[in-house]
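# Working through the structure, step by step
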Amino acid sequence: MILLRKFRVLILMVFLIACSMHIMIDLLPKLERHGNSGCSCSHTPSEEPQSWGKQGWPNKHTLRILQDFSNEPSSNVSSHSLERIPAAGDKTQAFRRLEHQGLLLALYDHPLYKRALPPLTDEDTLFNVNTDIRFDPKAAEDQAWNAESNRDEFNPTGELTADSYPNWLRFHIGINRYELYSRHNPVIDALLKDLVTQRITSVAMKSGGTQLKLIMTFQNYGQALFKPMKQTREQETPPDFFYFSDFERHNAEIAAFHLDRILDFRRVPPVAGRLVNMTKEIKDVTRDKKLWRTFFISPANNVCFYGECSYYCSTEHALCGKPDQIEGSLAAFLPDLALAKRKTWRNPWRRSYHKRKKAEWEVDPDYCEEVKQTPPYDSGTRLLDIMDMTIFDFLMGNMDRHHYETFEKFGNETFIIHLDNGRGSPALTSLPWLHSFCRVRKTTHLRLQLLAKEEYKLSMLMAESLVRDRLSPILIQPHLDAMDRRLRQVLNVLSECIEKEGYSYVVEDDLPGDRGTDHIHKGPRRR
C-alpha cells in the first residue's frame, strides 16, 4: 500500500510539472512582447495583430515550428509579385499603350464573333424570369446592404426592378443552353468590378479539393471562390513534376477567363484579381473556427494562415501577407445547386493520376472508337465540346482536367462548363490523343487560324485583355509567348489530320444556319 501511495504521488508530481511547463510555454510569447514594448518596429502588420493576444493565440505548435516563406524567391507563398504591381500612373500608361492598338475591338468586330444565337425558349434558359417580379431589399436580413446600396436604383415604391438586380443575379439569369453569358453583356464587366470592390462580409473554407480555397460572401449577397497566391508569376513547373503535385495558380484562373472569352467559348465564370487584407477581410469576418485558428504571425512579422485541406495546409505551406496583404483570384459563383443542378462527367481523356500507370487512352489504340460509341459521345456534339476544352486546356498548359460539368436542365445538348483552371502552367505539354481523334468545329478551327495571324496575335490579345485586371500584369511575357507556340502546335496537328483524313472528315461544319445547329442529334463520323 505504501508503494502504491508513493507511485500515485509520483504520477501527480509529473502531471503538475507538465502543466507548469505548458503554462510557461503559453506565457513566454506574451512576456517577450511586453519585454520588447519599447522597440520601434519598422515593419508591422496594420493594426490588428497586436490585439491577438487578447483574443487567444492560434495553435501552440505554430510558435515552435513556425517558418516564414514570404521572402524566399522559390517559395510557393512569395509576395514579390506585389512589388511588381505597377503604380496607378504606370498602369494607366500601360493600358493606353495597349488600348490604342484596339486589337480586342477589331477581333470582336470580326464576322466569326458576330454569330447570333437562335431564339431562346423557356427550355433554353436556365431560369424563366418574370420581369414583373420585384425584389424588395427591405426583406433582406442584413439591413446594412439596404443602407449601402445605391438609392437611385429603387423605384418610387422602394422595390428593385429586374434590371436593377445585383450583377451576380443578372449574370445567373442570363445563362442559357449555349453560353454562360452573351458576347457583349455589360453585366459581366460590372460583375468583374464587384468582385474587386464589394465589401467582404463573411469567409469560409470550401470543403473538398486538395488545396485551400475560400468562399467569400459580399455585401450584396453575391459569392465568389477565392484562390490565394501560392507562387510568383515567374515560377515555372519543373519538367519532372507530376501534374497532380503542382500548386494551383491564382493568375492562371484569371488568365483562363480572358482566354475563354477571346476564343469565344464563354464557358468560364467571370474571374478577377483582388488584393485582400488578410486581417480585416478574412480573419475578422470569418465564423469558421478551423480557419481562424490557423492564423499566426511569422518571424518576419507578416500575417499568415494555412487553413485545412488534403495537401499543402500546414505552417510549412502557409500563406503569408506583406505584411497582411495577399493577392488572389475571385471567381463568381454559379447558381446554387438547389436552384440549378449540374451534372458531373468523368473526362474520357483524363490523366491516370498514378506515378507508374498510364491512362487507358494512352495504351489502347482503339480507345477513341470505343468512346465514340458510348453515350453521350455517340450523338450530338459532346465530342466536339471535349475537343474545344482540350484545346483550351492545352493553350493554358492545364493537364488536370479530370472532370467537367453541364447544367442538368439542358441534358446533353449544351456546352461544357470550364471550371477549376488553376493548374495552368508554362511547361509545355502534348496533344497525343488529338492525332487519333482528329475532329474540330469549323468555327473553332477558323478562330484558331485567326489568332495565329500577326494582326490578331493571341499573346497580344491576351496582354490587352489582362491589363484591365486590378492585379496586372497577370502573365509575364514568356507565358504569353508560350501560348503562341502552343497555338501553332494545335494548328500543325490539325493540318496533319486534314492531310491524312481529309478536310470534310476532320472539320465539322457548324457555320450554316444559326448556332442552334450545333446541337442537332447526330452521331460522330466513322472512318
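Residues numbered from 1 in each chain as written. Predicted model: local features only at pLDDT ≥ 70, side-chain atom pairs only at ≥ 80, totals over all residues. Heavy atoms only, no water.

### Thoughts on the overall build of the chain
The condition that has to hold: Numbering of helices and strands runs from the N terminus, with a helix taken as a DSSP run of H or I at least four residues long and a strand as a DSSP run of E at least two residues long. The contact criterion used throughout is that any non-hydrogen atoms of two residues lie within 4.5 Å. Computed by Shrake-Rupley with a 1.4 Å probe, the accessible areas treat only the displayed protein chains as cover when residues are assessed.
Within the chain one finds 20 helices and 12 strands. Pairs at least 24 residues apart make up 74% of the contacts formed inside the chain by residues separated by at least 6 positions. Counting every atom, the chain has about 25,900 Å² of accessible surface; 55% of that belongs to carbon and sulfur.

### Observations concerning the sheet that holds strand β3 (residues 223–228)
The condition that has to hold: By this definition, two strands are paired if DSSP reports at least two bridges between them. Every axis corresponds to a line fitted to the C-alpha atoms, with the helix fit spanning only the stretch in contact, and the corresponding angles, defined between N-to-C directions, vary from 0 to 180 degrees.
Spatially, the five strands line up as an open sheet ordered β1-β2-β3-β8-β4, and their pairing is antiparallel. Taken across any chain shown, the strands that pair with only one partner, and hence form the sheet edges, are β1 (200–205) and β4 (271–277). Taken over all neighbouring pairs, the strand axes of this sheet differ in orientation by 35 degrees on average, direction set aside. Where strand β2 (residues 214–218) meets β3, four bridges bridge the pair, whose relative direction is antiparallel. Counterpart to L214 in the pairing with β3 is F226. The strands that helix α9 (residues 186–197) touches are β2, β3, β4 and β8 (325–332); relative to β4, the one it contacts most, it runs at about 15 degrees.

### Focus: the confidence of the model for the chain
Predicted coordinates in areas of low pLDDT are best not read in detail. Heads up, the rule is: For every residue, the pLDDT score states the predictor's confidence, bounded by 0 at the bottom and 100 at the top.
Per-residue confidence for the chain gives a mean pLDDT of 77, with 69% of residues at or over 70. Across residues 96–100, where pLDDT falls below 50, the model places four contacts with residues more than four positions away in sequence or in other chains. Segment residues 131–158 is flagged for pLDDT under 50; beyond a separation of four residues in sequence, or across chains, it makes 41 contacts in the model.

### Description of a nonpolar patch on the surface
Inclusion rule: Like charges are joined within 9 Å and nonpolar side chains (Val, Leu, Ile, Met, Phe, Trp, Tyr) within 5 Å, but only among residues with over 30% relative accessible area and no salt bridge; these make up the patches. What counts as a salt bridge is simple: a side-chain nitrogen of Lys or Arg found within 4 Å of a carboxyl oxygen of Asp or Glu.
Together, L4, F7, L10, I11 and V14 line one region of the surface with nonpolar side chains, adding up to about 470 Å² of accessible area. In this fold, F7 is placed in helix α1 (residues 2–35).

### A short note on the state of the cysteines
Put simply, the rule reads: Pairs of cysteine sulfur atoms within 2.5 Å are what we label disulfides. Throughout this description, buried means an accessible area under 20% of the type-specific maximum (1.4 Å probe, protein chains only), exposed means over 50%, and partly exposed covers the range between.
Here the structure, examined in full by the defined rule, presents two disulfides. Covalently, C304 is tied to C320 through a disulfide, its sulfur atoms 2.2 Å apart. Of note, the bridge from C304 to C320 carries an S-S torsion of about 110 degrees and is right-handed in sense. On the criterion of sequence distance, the pair formed by C304 in strand β6 (residues 303–305) and C320 in strand β7 (residues 319–320) is long-range, its members being 16 residues apart. For C304, a relative accessible area of 0% corresponds to the buried category. C438 shares a disulfide with C497; S-S distance 2.0 Å. Here the disulfide of C438 and C497 is left-handed, its torsion about the S-S bond being about -70 degrees. With a gap of 59 residues between them, C438 in the loop between α16 (432–437) and β11 (440–441) and C497 in helix α19 (residues 477–501) connect regions that are remote in the sequence. C497 shares its class with C438; the two are buried.

### Quick look at the pattern of salt bridges
In total, this model carries 17 salt bridges according to the counting rule given. A salt bridge links D109 to K114, with the shortest nitrogen-to-oxygen separation between them at 2.8 Å. Judged by relative accessible area, D109 falls into the partly exposed class, the value being 49%. Here E253 makes a salt bridge to K227, at a shortest N to O gap of 2.5 Å. Separated by 26 residues along the polypeptide, E253 in helix α10 (residues 250–262) and K227 in strand β3 bring together distant segments of the chain. Given the relative accessible area of 5%, E253 is considered buried. Under the relative-accessibility criterion, K227 is labelled buried at 4%. Among the charged side chains, a network of salt bridges with common partners joins E179, R183, D264, R266 and R447.

### Some points on the nonpolar core
This is how it is decided: Among buried residues, those of type Ala, Val, Leu, Ile, Met, Phe, Trp, Tyr and Cys that are joined through side-chain atoms within 4.5 Å constitute a nonpolar core. What counts as a domain boundary in this text is fixed by an automatic or database domain assignment.
In this structure, I282, F407 and M462 are the most contacted members of the largest nonpolar core, which totals 101 residues. A total of nine residues in this core trace back to one element, the largest contributor, which is helix α15 (residues 382–396). When residues of this core are assigned to domains, at least three fall in each of domain 1 (129–135 + 163–332) and domain 2 (342–508). Setting aside chain neighbours within four positions, we find I282 in contact with V203, L214, M216, V276, N277, L291, F295 and F305. Counting five residues, the second largest nonpolar core, distinct from the first, contains F296, C304, Y306 and C320.

### Overview of the pairing of strand β10 (residues 403–407)
In terms of residue burial, β10 counts as a mostly covered element, since four of its five residues are buried. Bridging between strand β9 (residues 342–346) and β10 involves five bridges; their strand directions are antiparallel. What sits directly across from T344, in β10, is E405.

### Topic: α9
Our working definition: Multiply 1.5 Å by the residue count of a helix minus one, and that product is the helix's expected span. Polar contacts here mean pairs of N or O atoms no more than 3.5 Å apart (in protein, one a potential hydrogen donor and the other a potential acceptor; neighbouring residues in sequence count only if both atoms are side-chain atoms).
Taking 1.5 Å of rise per residue, 12 residues should cover 16 Å, and α9 covers 17 Å from first to last C-alpha, within 8% of that figure. Residues of α9 that are buried include every one of V187, I188, L191, L192, D194, L195 and V196, and no others. On its buried face, α9 is in contact with α8 (167–173), β2, β3, α10, β4 and β8. Of the residues flanking the start of α9, the one acting as N-cap is N185, its side-chain oxygen 3.0 Å from the backbone nitrogen of V187.

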